[in-house]
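Now for the letters of each chain:
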Amino acid sequence: MVLPRVSIIIVNWNGLEDTIECLESFKKISYPNYEVIVVDNGSEGDDARILREKFGDYIRLIQNDKNYGFAKGCNVGVEDALARGAEYILLVNNDTVIAPDSIDELIKVAQSDKNIGIVGGKIYFYEDPQVIWFAGGSINFWAGRTPLRGQGQIDCQDFGKVVAVDWIVGCFMLISRDVLLKVGLLDERFFFGWEDVDICIRAARNGFRILFAPEAKLWHKALASGKGERLAGIPLYYAARNHFILMEKHWPKLQFVTSILYYLLTFPKTATNYSRLLHQRSASKYMLWGIWDYLRRKW
């Protein structure tokens, strides 16, 4: 059997050490028919040169002239891969480490039904390898919530089955060529965050199935020291702004209204939780800034 060609897209932005560790883990994978495309998103240092020297022909390196965000950074790589015949695209965050057989497991699930368009694996915390960070996502259109299944729980048999989910996180997302040709690429307005939920909604509404494959495993540096300091409150800005972009784009009017009310009612608690989790005293400031830019239509 001829295995489908998989193009792995990794976006690097000032994350050289993480990207190197990520690529070293990919060199150990068992799946034979793949390529790795690294898109350097205008890193400030010598990231692109060092990656080229260290990995040579193992990677296909694309250099952007500035930071275009995760969505457009990925799209640059996706367009390049599709033009050269990729059958599947695997989006992977650079601050991750993959298990050797993960792509085999993703492809096995993806190929089990022609209507399967997006597949994601089980993601653990890098800092706590048995604790789940993501095992599929659901969507509550009335509350505007997109909870992560299994987050913070020790891995167990409850997360050991292939199941249908509403969305897969862009940190570890396999997308078929058919999905991308039919529904389009990532929406670049999002820049960073929620573009994964958006493309899953579009795929589902076009008849594609979205599945969680538990035997495909990845470890994500979600709690890495220094991450909060480097990014400050910017992720909170995009989380708030893009949340509203997503709801406006996909929510029916009544559910959009109820979701806004729920957001406003829970805002104080959410801001407090983010401040504690990310060690950011000014969480509410960044979130309100994001909402303000949404209202100004500033993408």
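Structure: see above.
Overview of the structure. Here the structure is a predicted model, which is why all the values come from computation and not from measurement.

Scanning the protein from N- to C-terminus turns up 10 helices and 10 strands. Over its C-alpha atoms the protein spans a radius of gyration of 19 Å, differing by no more than 12% from the 19 Å that the globule rule assigns to 299 residues. The dimensions of the protein, computed from C-alpha atoms along their principal axes, are 55 × 45 × 35 Å. Sequence-distant contacts, at least 24 apart, represent 77% of the contacts inside the protein between residues at least 6 apart. Here the protein displays about 14000 Å² of accessible surface, and carbon together with sulfur accounts for 54% of that area.

If you look at the biggest cluster of nonpolar residues, it comprises 99 residues, and the most contacted ones within it are Val 6, Ile 8, Phe 26, Leu 90 and Ile 103. Of all the elements, helix 8 (residues 234-250) adds the most residues to this core, at eight residues. In contact with Val 6, other than residues within four places in its own chain, are Tyr 31, Asn 33, Tyr 34, Glu 35, Tyr 88, Leu 90, Ile 103, Ile 107 and Leu 174.

Time to look at helix 8. Under the 1.5 Å per step criterion, the end-to-end length of helix 8 is 24 Å for 17 residues, consistent within 8% with the ideal 24 Å. Taken residue by residue, helix 8 has Leu 236, Tyr 237, Tyr 238, Ala 240, Arg 241, Asn 242, His 243, Phe 244, Ile 245, Leu 246, Met 247 and His 250 as its buried positions.

Take the side chain of Glu 35 next. You can see Glu 35 is positioned in strand 2 (residues 34-41). Within the structure, the side chain of Glu 35 is placed 2.7 Å from the side chain of Ser 7, a separation counted as a polar contact. A polar contact is formed between the side chain of Glu 35 and the side chain of Arg 84, at a distance of 2.9 Å.

As a further point, take a nonpolar patch on the surface. Together, Leu 223, Tyr 274 and Leu 277 give the surface a local cluster of nonpolar side chains, amounting to about 290 Å² of exposed area. Structurally, Leu 277 is set in helix 9 (residues 253-278).

Moving on, we come to the environment of Gly 73. Mapped onto the fold, Gly 73 is located in helix 3 (residues 69-83). The buried category is assigned to Gly 73, whose relative accessible area is 0%. Residues Gly 73 and Val 257, 184 residues apart in the sequence, show an inter-C-alpha distance of 32 Å. Beyond its immediate sequence surroundings of up to four residues, Gly 73 is in contact with Val 11, Val 39, Asn 41, Asn 64 and Tyr 68.

All chains considered together, the criterion is met by 17 salt bridges. We note a salt bridge from Glu 21 to Lys 221, for which the minimum N-O separation is 2.6 Å. Here Glu 21 is found in helix 1 (residues 16-26), whereas its partner Lys 221 is found in the loop between strand 10 (209-220) and helix 7 (227-231), with 200 residues between them in sequence. Owing to a relative accessible area of 30%, Glu 21 belongs among the partly exposed residues under this scheme. Of the charged contacts, one joins Arg 84 and Glu 35 as a salt bridge, the two residues approaching to 2.9 Å between their closest N and O atoms. Remark: Glu 35 occurs in strand 2 and Arg 84 occurs in the loop between helix 3 and strand 4 (88-92); sequence separation between them is 49 residues. Residue Arg 84 is classed as partly exposed on the basis of its relative accessible area, which comes to 38%. Looking at Glu 35, the relative accessible area reads 12%, which means it is buried. Put simply, Asp 187, Arg 189, Asp 198, Arg 202 and Lys 249 are held in one network by salt bridges that share partners.

Definitions and cut-offs
Residues numbered from 1 in each chain as written. Predicted model: local features only at pLDDT ≥ 70, side-chain atom pairs only at ≥ 80, totals over all residues. Heavy atoms only, no water. Helix = DSSP H or I, 4+ residues; strand = E, 2+ residues; numbered from the N terminus. Rg over C-alpha atoms; globule rule 2.2 N^0.38 Å. Contact = heavy atoms within 4.5 Å. Areas by Shrake-Rupley, 256 points an atom, 1.4 Å probe, with all protein chains shown as cover. Core = buried A, V, L, I, M, F, W, Y, C linked by side-chain atoms within 4.5 Å. Buried < 20%, exposed > 50% of the residue type's maximum accessible area, 1.4 Å probe, protein only. Expected span 1.5 Å × (residues − 1). Polar contact = N/O pair within 3.5 Å; in protein donor to acceptor, adjacent residues only side chain to side chain. Patch = residues over 30% accessible without salt bridge, like charges linked within 9 Å, V, L, I, M, F, W, Y side chains within 5 Å. Salt bridge = Lys/Arg side-chain N within 4 Å of Asp/Glu carboxyl O.

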